[in-house]
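Below are the chains, spelled out letter by letter.
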Amino acid sequence: MSNENNLDLHYVQQSFQRSLKEEDDVVIEAYIDGYNELVKFLNLIGTVFSFVSSDVKSKIKVMEKHREGDDAIYYESFKKMMKYEKETSLHEKNGFVSGSRTMLRLHRGLDFIRLFLKRLSEADDGVNTCTTCQCSYNETLAEFHPWYIRKAATLAMHALPTRPDLLKKIFGSEEKLTEALVVLPQTLQSCDEVYRRVEQLYTDFDFHGLP
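This one's a predicted model, so the numbers in the text were calculated from it and none came from an experiment.

J.: Please provide a residue-by-residue account of the pattern of salt bridges, values included.
T.: Per the counting criterion, the structure on display carries 13 salt bridges. We note a salt bridge from E37 to K40, for which the minimum N-O separation is 3.2 Å. Residue E37 and its partner K40 are both found in helix α2 (residues 28–44); the two are separated by 3 residues, about one turn of the helix. Of the two residues examined, E37 and K40, each falls in the buried class.

Below, the structure written as structure tokens:
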């Protein structure tokens, strides 16, 4: 992960590309590497998504415990993890923190991040970032949040700066912004492929409804 306070899209792209395993699987460690960098996006756009960012950090800690535990071999990839938890019914066991359930929350967050980033990059400077953010949120994460969180998030989005100021906050200098916009299409393509694979695995194992 980069040490700077700006979002490193090149690192995200490399991590997500590295996570692609065989034709239909995703390596968890590389996925988390890329995701950890993307979480900067949530932090950099302001306090509006701080609740999502803190939740992401706690979920990543859960997965680190799984990957360092006695059953670490089963937590190398999404497919291995889901197969293991499905066959052992661990996802239904009381007191057990399911890796599949934990990663489902990150998966949903990725959907919002990639959509908002895409729309933000394609928009004109005069676009209302609040509206763009609200639409992206309503189409993705909102359906999984209780009404009071949706209400608070929607209100907080009104504090988002203009598109030029927001992009500067996320990427830093004009030079870095130019570089970021060049690599963004490949990064989004990697995000889309990772999302598509993980989405399909949750469908295949019937895990979309994990509580």
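That was the structure; now back to the text.
J.: Account for unusual backbone geometry, with residues named and values stated.
T.: Here the phi dihedral of E22 falls at roughly 55°; this positive angle occurs in a residue that is not glycine. On the basis of relative accessibility, which here comes to 58%, the residue E22 falls in the exposed class. With a phi angle near 55°, D206 is a residue other than glycine that sits in the positive phi range. Within the fold, D206 resides in the segment after α9 (174–204).

J.: Give a description of the nonpolar core that names residues and reports values.
T.: In this structure, L7, Y31, F49, F78 and M103 are the most contacted members of the largest nonpolar core, which totals 62 residues. For this core, the secondary-structure elements that each account for two or more residues are α1 (9–19), α2, α3 (50–68), α4 (78–87), α5 (99–122), α6 (129–139), α8 (163–171) and α9. Once residues within four sequence positions are removed from consideration, F78 is found in contact with D25, V26, I28, Y31, M103, V198, L201 and Y202.

J.: Help me get a handle on the packing of aromatic side chains, residues and values and all.
T.: Applying the stated criterion across every chain yields a total of 10 aromatic pairs. Each ring, one from Y74 and one from Y84, has its centre 3.9 Å from the other, and the planes form 5°; the classification is stacked. Linking Y74 in the loop between α3 and α4 with Y84 in helix α4, this pair joins segments that are 10 residues apart in sequence. Using a relative accessible area of 36% as the deciding quantity, one classes Y74 as partly exposed. The buried category is assigned to Y84, whose relative accessible area is 14%. Linked through ring pairs, F16, Y31, Y35 and F78 together constitute an aromatic cluster. Over the ring of F144 we find R108, and its NZ or CZ is 3.8 Å from the ring centre. Sitting above the plane of the Y195 ring, R114 keeps its charged end 4.0 Å from the centroid.

J.: Describe the layout of surface pockets, and please don't skip the residues or the numbers.
T.: Computed from the structure, the largest pocket encloses a volume of approximately 270 Å³. Considering the residues around the largest pocket, the lining is formed by 15 residues, among which D55, R105, L141, F144 and H145 are closest to the centre. The set of elements that each furnish at least two residues to the lining of the largest pocket consists of α3 and α5. Among the residues forming the lining of the largest pocket, the class breakdown is 8 nonpolar, 2 polar and 5 charged.

Conventions adopted
Residues numbered from 1 in each chain as written. Predicted model: local features only at pLDDT ≥ 70, side-chain atom pairs only at ≥ 80, totals over all residues. Heavy atoms only, no water. Salt bridge = Lys/Arg side-chain N within 4 Å of Asp/Glu carboxyl O. Helix = DSSP H or I, 4+ residues; strand = E, 2+ residues; numbered from the N terminus. Buried < 20%, exposed > 50% of the residue type's maximum accessible area, 1.4 Å probe, protein only. Core = buried A, V, L, I, M, F, W, Y, C linked by side-chain atoms within 4.5 Å. Contact = heavy atoms within 4.5 Å. Phe/Tyr/Trp six-rings, centres within 6.5 Å; stacked < 30°, edge-to-face > 60°. Lys NZ or Arg CZ within 6 Å of the ring centre and 35° of its normal. 1 Å grid on protein atoms, 1.4 Å probe; cavity = no way out; pocket = protein on both sides within 12 Å on 5 of 7 lines; lining within 4 Å. Points joined across faces, edges and corners; volume = space filled by probe spheres on them. Nonpolar A, V, L, I, M, F, W, Y, C, P; charged D, E, K, R; others polar.

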